[in-house]
Amino acid sequence: MRRGKKRVYLNLGKVKNLAEVHLNGADLGVVWTAPWQVDITSAVKPTGNELEIDVVNLWPNRLIGDAALPPEKRLTVTNVTKFKKDSPLLESGLLAGECACGEREIQLRSRRAALYRAN
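Here is what the cut-offs are and how they apply
Sequence positions are assigned chain by chain, starting from 1 and proceeding in written order. Totals for whole chains, interfaces and linings use every residue, but because this is a predicted model, local features are given only for residues with pLDDT of at least 70 and side-chain atom pairs only at 80 or more, for both listing and counting. No hydrogens and no water enter the side-chain calculation; it runs on all heavy atoms of the structure. Strands are runs of DSSP state E lasting at least two residues, helices are runs of H or I lasting at least four, and both sets are numbered from the N terminus onward. Partly exposed describes any residue whose relative accessible area lies between the buried limit of under 20% and the exposed limit of over 50%, with all areas from a 1.4 Å probe on protein chains only and scaled to the type maximum. Any two residues whose heavy atoms approach within 4.5 Å at even a single point are treated as in contact. To be clear on the numbers: accessible area is Shrake-Rupley with a 1.4 Å probe, and residue cover counts the displayed protein chains and nothing else. Residues adjacent in sequence count toward polar contacts only when both atoms are side-chain atoms; beyond that, a polar contact is any pair of N or O atoms within 3.5 Å, and within protein one must be able to donate a hydrogen and the other to accept it. Pairing between strands requires that DSSP locate at least two bridges from one strand to the other. Grouping buried Ala, Val, Leu, Ile, Met, Phe, Trp, Tyr and Cys residues that are joined through side-chain atoms within 4.5 Å yields what is termed a nonpolar core. Per-residue confidence from the prediction method is given by pLDDT, with values spanning 0 to 100.

**Focus on the overall build of the protein chain**
Turning to step 1, where the next piece is worked out: In terms of helices and strands, the protein chain carries 1 helix and 10 strands.
Turning to step 2, where the next piece is worked out: Reading the protein chain from its N end, one meets helices and strands in the order β-β-β-β-β-β-α-β-β-β-β.
Turning to step 3, where the next piece is worked out: Classification of the 119 residues of the protein chain by burial places 30% in the buried group.
Turning to step 4, where the next piece is worked out: When contacts within the protein chain are restricted to residue pairs at least 6 apart in sequence, long-range pairs at least 24 apart make up 58% of them.
Turning to step 5, where the next piece is worked out: Looking at the protein chain as shown, the accessible area adds up to about 7700 Å², and 52% of this sits on carbon and sulfur atoms.

Right, here's the structure in full:
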């Protein structure tokens, strides 16, 4: 994008609990609080954008998943016994659709969507 124009933001909707954002190979940081957005102005191109969002799962969800496995296949070793294999999983991940908001339409390829419409 041309410099001196409006900023362009990627709105992740709602994240539980951490999301690391890369656009076109640029590390744009970690989002961990509302408003769940990152400034993508420095990395966005008019077309051919490649978006990567890595979301960190919650530790209790890992423990719940491991509780359903035989001990030799578990990935964690802990003395925490609060979480059982039938415990409900906690919300985790990208919980709402993301969009790029700025001065014009921008194409982003990601695991979740092919086109983001800027407002």
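Continuing now.
**Considering the side chain of Thr-76**
Turning to step 1, where the next piece is worked out: With respect to the helices and strands, Thr-76 occurs in the loop between α1 (59-67) and β7 (93-94).
Turning to step 2, where the next piece is worked out: At 2.6 Å, the side chain of Thr-76 and the side chain of Asp-66 are in polar contact.
Turning to step 3, where the next piece is worked out: Look past the residues within four positions of Thr-76 in its chain and what remains in contact with it is Trp-59, Arg-62, Leu-63 and Asp-66.

**Points about the pairing of strand β3 (residues 18-23)**
Turning to step 1, where the next piece is worked out: Two elements, β3 and strand β6 (residues 49-56), share 6 bridges in a ladder whose sense is antiparallel. Paired with Glu-20 across the bridge in β6 is Asp-54.

**Section: the nonpolar core**
Turning to step 1, where the next piece is worked out: Counting 17 residues, the largest nonpolar core has Leu-10, Leu-12, Val-21 and Ile-40 as its most contacted members.
Turning to step 2, where the next piece is worked out: The greatest single-element share of this core, amounting to 3 residues, is contributed by β3.

**Let's talk about the confidence of the model for the protein chain**
Turning to step 1, where the next piece is worked out: Across the protein chain, pLDDT averages 80, with 76% of residues at or above 70.
Turning to step 2, where the next piece is worked out: Of all the helices and strands in the protein chain, strand β10 (residues 115-116) carries the lowest mean pLDDT, 30, while strand β4 (residues 26-31) carries the highest, 95.
Turning to step 3, where the next piece is worked out: In the model, residues 110-119 has pLDDT below 50 throughout and makes 34 contacts with residues more than four positions away in sequence or in other chains.

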